[in-house]
Protein chains: 2
Amino acid sequence: MGLIVQKFGGTSVADAERIKAAARRVTETYDAGNKVIVVVSARGQTTDELIELANEIIDKPSTREMDMLLSTGEQVSIALMAMAIHALGYPAISFTGGQVGIVTDSFHTKARIRNINADRIRKELDNGSIVIVAGFQGIDVNENITTLGRGGSDTTAVALASILHADRCDIFTDVDGIYTADPRKVPNARKLNKISYDEILELASLGAQVMHSRSIEFAKKYNVPLYVRSSFNNSEGTLICKEIDDMENIVVSGATVSKNDAKITIRSIPDVPGQAAKIFHEIAKKNINVDMIIQNASVEGRADVTFTVPRSDLKNALETAEKIKKDLWAMEVLYDDKIAKLSVVGIGMRSHCGVAEKMFSILAEEKINIQMISTSEIKISCIIDEAHAERALNAVHKIFGLNLVKNEVAAKV
Amino acid sequence: MGLIVQKFGGTSVADAERIKAAARRVTETYDAGNKVIVVVSARGQTTDELIELANEIIDKPSTREMDMLLSTGEQVSIALMAMAIHALGYPAISFTGGQVGIVTDSFHTKARIRNINADRIRKELDNGSIVIVAGFQGIDVNENITTLGRGGSDTTAVALASILHADRCDIFTDVDGIYTADPRKVPNARKLNKISYDEILELASLGAQVMHSRSIEFAKKYNVPLYVRSSFNNSEGTLICKEIDDMENIVVSGATVSKNDAKITIRSIPDVPGQAAKIFHEIAKKNINVDMIIQNASVEGRADVTFTVPRSDLKNALETAEKIKKDLWAMEVLYDDKIAKLSVVGIGMRSHCGVAEKMFSILAEEKINIQMISTSEIKISCIIDEAHAERALNAVHKIFGLNLVKNEVAAKV
């Protein structure tokens, strides 16, 4: 008995059969005595088709008109979802983002929600209706249609769940839940029953398969429990929630490896104060996100600075680095885009020591060289050669016992 | 120099190329120094595809949700049209029906416009923008999306033209204009340069190929000149406007034949007052539209009543007629659904006599029997055997010289 928000992604509403299946999920939840809000994305390939249509007409469409165009995808989905729920004999009513007062700023294609006036939703819920809301969209103060960018439907679902104090927000998707590692890379990866917001945020590359980090941050801020589950079967999913006591016992919750970074080294920079600041000031001006940074000890008054950037920004970053090299009287700029970032994440790291040592040891045993290291309170990341990525991931996954059930994991460390 | 509304139908915006072509039409009008409002329909088959999607889910969709679904069709078109105009280097901004304050009643799928708050359109026009508005749609007072039913985009265009006192409303479509008769049936049918609202309303079956009568009535009421023209070529179209002096010289403007009616005869009704009233009261209760009615002279205290109804309502009307037969002690009910209605229309009929005689003579000459006759101030219609429909149309078209240029027509009578 409560209020539950259920979000269905594009693959979960791709065709009539899937919409009907989703509608059955919704009515089961309603039959269990809950008030239900349904948030839907555009059907399957709709968004891509609309983008293609736009590209046939103009190279760089106005972002306002893109939002006008793309927001129709979710509008089709909500109408069909309402019809599917009606077909099962239940009351349902659909709303666009604008109709339920999801007001955003005016940054078209990547708008941020400013406030939600949920009066209309409350009224319809009180009337006994299942309320269906278009994900991904809102309106600005001048009633221009806006969209929320990547992961936007998740953001809508989480925002509604938080403002309406929902008991849970179900994220129905095409995977079963969150795994200890990517099951395509680690055959014995295990599905997690529960994971904390912080861990999933650090496991970005795992989480991104399921939810955009922006929505998770939002859920964390408003403490909305997220339940990630498959829309195609009834198996248990993964609950993403705030840290609870028994989580502390899990030292490592998951491992991940990503190949999205490239490494740049500016060699032999005269070691005087302010040099690093200059470098990263210039890089930031180009809107490039720097991840890891190391500076080696100064030798003969000169130091090397190495940093990683998204591979897609490498060209741009290299141009900037070449410019900086001249300004700083550095010697040369080197780069490597054949690297991988291996990470292990777990809340228990805070209270258990030896995790880093264990990770470095197993990599050494596997004869995998560590090029860079960065750590947070609950994460350890190493940059390694891309060629060893999957092997390293499997080794780490095994040494931390991630394939085993949780209590055993805890016991092992 | 003025304000022009330009409406493009579904075939005129069916794909990227056609949208670009339409955009060029718009910018030419803008370059000529006009303010331009563009009204667009959903692309080509979009509406049918959306209806099919709904039918895959439920037999009788809620009309509110159908409106939610179908209104996306025009929304896609306006965004693409704005992009196409941008691609030509002109300022343009698109709006949904709701965004420009087209407020309707709440009769979903066949809503009527109640009022339009055109402030936002005026502001954007004053800013120098080409304003693009989604046809066919509005919102009710509770911001539910509504659609205007058949011919809805024309209605939007005409409504905007009237409220903004536009100098002209262009209706771009897939035909060249209005013809003296259907060119598929009468090979030498001629395109009219000008025709009055009243004539086009009487020539419903001709007009319906181009515009729904509702929009024409609207245009007539607010005296908005409509210019029907092809979106595929630059040939002159047909101006639909209020009656002007030189129109009086044209006795017959067009001829048309339709096969949409069926004839019912209730035979041998005791001829006492109130019988006809009873019949048509019952028929009206079934929401069936009766067109022509004749009652023959009473023979031995009994009369026959014959009337026509839409063929699609025949079954329903026959059931009602059988019931009436018993109530009225009439003898039998006969019907014929193999009939055609041949009509000639012209404002000049008011001041010229001999039109009916000429029509009847040519049909007699062609040995075509006239079953029923009805006339209005500017129209004569005859019910004939369906088998002779095209032959009769061609004969009438020829005898009134409709293939000839207008002055000659006038001279002939």
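Fair warning: this is a prediction, and the values are worked out from it, not measured in the lab. (Residues numbered from 1 in each chain as written. Chains lettered and ligands numbered in written order. Predicted model: local features only at pLDDT ≥ 70, side-chain atom pairs only at ≥ 80, totals over all residues. Heavy atoms only, no water.)

Brief notes about empty space enclosed by the protein
All names here are of chain A.
Step number 1: With the rule as written, the count across this model stands at one cavity of 30 Å³ or more.
Step number 2: There is about 40 Å³ of room inside the largest cavity.
Step number 3: As for the largest cavity, its lining consists of S12, R18, A21, A22, S231 and F232.
Step number 4: Here the residues of the lining of the largest cavity sort into three nonpolar, two polar and one charged. (1 Å grid on protein atoms, 1.4 Å probe; cavity = no way out; pocket = protein on both sides within 12 Å on 5 of 7 lines; lining within 4 Å. Points joined across faces, edges and corners; volume = space filled by probe spheres on them. Nonpolar A, V, L, I, M, F, W, Y, C, P; charged D, E, K, R; others polar.)

Here's the deal with the UniProt feature "binding site: ATP" (unreviewed entry) in chain A
All names here are of chain A.
Step number 1: Mapped onto this numbering, the UniProt entry annotates "binding site: ATP" (unreviewed entry) at K7, F8, G9, G10, T173, D174, Y179 and R184. Across 178 residues of sequence, these annotated residues are also dispersed in space, with a maximum C-alpha separation of 25.1 Å.
Step number 2: Take G9: it is sitting in the loop between β1 (3–8) and α1 (16–31).
Step number 3: Exposure remark for G9: the relative accessible area of 9% places this residue in the buried category.
Step number 4: Residue contacts for G9: discarding those within four places in its chain leaves S41 and F172.
Step number 5: Within the secondary structure layout, R184 lies in the loop between β9 (168–173) and β10 (194–196).
Step number 6: Residue classification places R184 among the exposed positions, given a relative accessible area of 70%. (UniProt positions renumbered as here; feature names shortened; annotations may be inferred. Helix = DSSP H or I, 4+ residues; strand = E, 2+ residues; numbered from the N terminus. Buried < 20%, exposed > 50% of the residue type's maximum accessible area, 1.4 Å probe, protein only. Contact = heavy atoms within 4.5 Å.)

Details of the pairing of strand β13 (residues 254–258) of chain A
Residues and elements named next belong to chain A.
Step number 1: With respect to burial, β13 is a largely interior element, five of its five residues being buried.
Step number 2: By the alternation rule, side chains of β13 split into G254, T256 and S258 and A255 and V257, which are all buried.
Step number 3: In the sheet, β13 pairs with strand β18 (residues 339–345) via five bridges, with the strands oriented antiparallel. Counted as the bridge partner of A255 is V344 from β18. (Pairing = 2+ DSSP bridges.)

Quick notes on the packing of aromatic side chains
Any pair of aromatic rings gets described here by the distance separating the centres and the angle formed by the planes.
Residue and element names in this part refer to chain B.
Step number 1: The tally for this structure, following the rule as stated, stands at eight aromatic pairs over all chains.
Step number 2: Each ring, one from F280 and one from F307, has its centre 5.2 Å from the other, and the planes form 80 degrees; the classification is edge-to-face. Within this pair, whereas F280 is found in helix α9 (residues 275–285), its partner F307 is found in strand β16 (residues 302–310), the two being separated by 27 residues in sequence. Each member of the pair F280 and F307 is classed as buried. (Phe/Tyr/Trp six-rings, centres within 6.5 Å; stacked < 30°, edge-to-face > 60°.)

Re the pattern of salt bridges
Step number 1: Taken as a whole and assessed by the stated rule, the structure comprises 46 salt bridges over all chains.
Step number 2: Here B:E17 ties to B:K20 by a salt bridge, and the two come within 3.5 Å at their closest N and O atoms. Taken together, the residues span about one helical turn, with B:E17 and B:K20 both in helix α1 (residues 16–31) at a distance of three residues.
Step number 3: Residue classification places B:E17 among the exposed residues on the basis of a relative accessible area of 52%.
Step number 4: Between B:K341 and B:D291 there is a salt bridge, with the nearest N and O atoms lying 2.6 Å from each other. Taken together, the residues B:K341 in strand β18 (residues 339–345) and B:D291 in the loop between α9 and β15 (293–295) connect sequence positions 50 residues apart.
Step number 5: Residue class for B:D291 comes out partly exposed when judged on its relative accessible area of 35%.
Step number 6: Connected through shared salt-bridge partners, A:R168, A:D170 and A:R229 make up one network. (Salt bridge = Lys/Arg side-chain N within 4 Å of Asp/Glu carboxyl O.)

A closer look at the environment of B:R112
Step number 1: With respect to the helices, strands and loops of the structure, B:R112 is situated in the loop between β4 (102–104) and β5 (113–116).
Step number 2: Along the sequence, B:R112 and B:D167 sit 55 residues apart, while their C-alpha atoms lie 24 Å from each other.

Let's talk about the sheet that holds strand β2 (residues 35–40) of chain A
Residues and elements named next belong to chain A.
Step number 1: Strand order in the open sheet formed by eight strands is β3-β6-β2-β1-β9-β11-β12-β10, and the pairing between neighbours is mixed. Two strands in the sheet have a free side with no partner beyond their single neighbour: β3 (92–95) and β10. When the angles between neighbouring strand axes are averaged without regard to direction, this sheet yields 20 degrees.
Step number 2: Pairing analysis gives five bridges linking β9 to strand β11 (residues 226–230), with the strands arranged parallel. Directly across from T173, in β11, lies its bridge partner S230.
Step number 3: The strands that helix α3 (residues 63–87) touches are β1, β2, β3 and β6 (130–134); relative to β6, the one it contacts most, it runs at about 165 degrees. (Axes fitted to C-alpha atoms, helices over the stretch in contact; angles between N-to-C directions.)

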